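Summary of the model geometry
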Amino acid sequence: MRHGRPGKEQLRRNFDSVLTQVLSGRGVRTETGLDAQTEKALWAVSRAHPDPPDALVAAAYRAFAGQIDGTNAAERRAETARKIAGR
């Protein structure tokens, strides 16, 4: 049983493991600590099996980089703020 959030190195290992899985045609496993944007990009790679375009794999790497540097979380917060302001 895991306690707390995974650190950057564990996230990197999880991303690499899931990417390997989706490149072989399997889906994205749960409880990896990867955020929704990264999982969405990995699912796109999985759905493109057996020959996902390089652009999809690159998008998965970009999504993961956004998780690590906080860009994805900032985008989610901004979207939530826009929705609240629109009400």
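Scoring rules and cut-offs
- Residues numbered from 1 in each chain as written.
- Predicted model: local features only at pLDDT ≥ 70, side-chain atom pairs only at ≥ 80, totals over all residues.
- Heavy atoms only, no water.
- Helix = DSSP H or I, 4+ residues; strand = E, 2+ residues; numbered from the N terminus.
- Buried < 20%, exposed > 50% of the residue type's maximum accessible area, 1.4 Å probe, protein only.
- Contact = heavy atoms within 4.5 Å.
- Areas by Shrake-Rupley, 256 points an atom, 1.4 Å probe, with all protein chains shown as cover.
- Lys, Arg positive; Asp, Glu negative; His and termini not counted.
- Charge placed at Lys NZ, Arg CZ, Asp CG, Glu CD.
- Polar contact = N/O pair within 3.5 Å; in protein donor to acceptor, adjacent residues only side chain to side chain.
- Core = buried A, V, L, I, M, F, W, Y, C linked by side-chain atoms within 4.5 Å.
- Salt bridge = Lys/Arg side-chain N within 4 Å of Asp/Glu carboxyl O.

Some points on the overall build of the protein
Along its length, the protein carries four helices and zero strands. In sequence order, the secondary structure elements of the protein are arranged as α-α-α-α. Seen along its three principal axes, the alpha-carbon backbone of the protein occupies a region of about 45 × 30 × 20 Å. Out of the 87 residues belonging to the protein, those deemed buried represent 30%. Pairs at least 24 residues apart make up 47% of the contacts formed inside the protein by residues separated by at least 6 positions. Here the protein displays about 5900 Å² of accessible surface, and carbon together with sulfur accounts for 54% of that area. A gap of 6 Å separates the mean positions of the 15 positive and 10 negative side-chain charges of the protein.

Observations regarding the side chain of D35
With respect to the element layout, D35 can be found in the loop between α1 (8-23) and α2 (36-47). Judged by relative accessible area, D35 falls into the buried class, the value being 11%. Here T38 takes part through its side chain, which lies 2.7 Å from a polar atom of the side chain of D35. Contact partners of D35, with chain neighbours within four places excluded, come to Q67, N72 and R76.

Describing the nonpolar core
Counting residues in each nonpolar core, the largest one holds 14 residues, and the members touching the most others are F15, V18, V22, L34, L42 and A60. Put simply, the parts of the chain that give this core at least two residues each are α1, α2 and α3 (54-69). No other element matches the five residues that α1 contributes to this core. Apart from residues lying up to four places away in sequence, V18 is in contact with V28, R29, T32, L34 and L42.

Some details on the pattern of salt bridges
Using the criterion set out here, one finds two salt bridges in the structure. Between R76 and D35 there is a salt bridge, with its nearest N and O atoms 3.6 Å apart. Highlighted residues: R76 in helix α4 (residues 71-85) and D35 in the loop between α1 and α2, separated in sequence by 41 residues. Of the residues examined, R76 reaches a relative accessible area of 39% and is grouped as partly exposed. One salt bridge in this structure joins E79 and R82, with 2.6 Å as the shortest N-O distance. You can see E79 and its partner R82 sitting in helix α4, three residues apart, about one turn around the helix. For E79, a relative accessible area of 32% puts it in the partly exposed group. By relative accessible area, R82 is classed as exposed at 52%.

Note that every value here comes from positions in space, so none of it alone points to a role or purpose.
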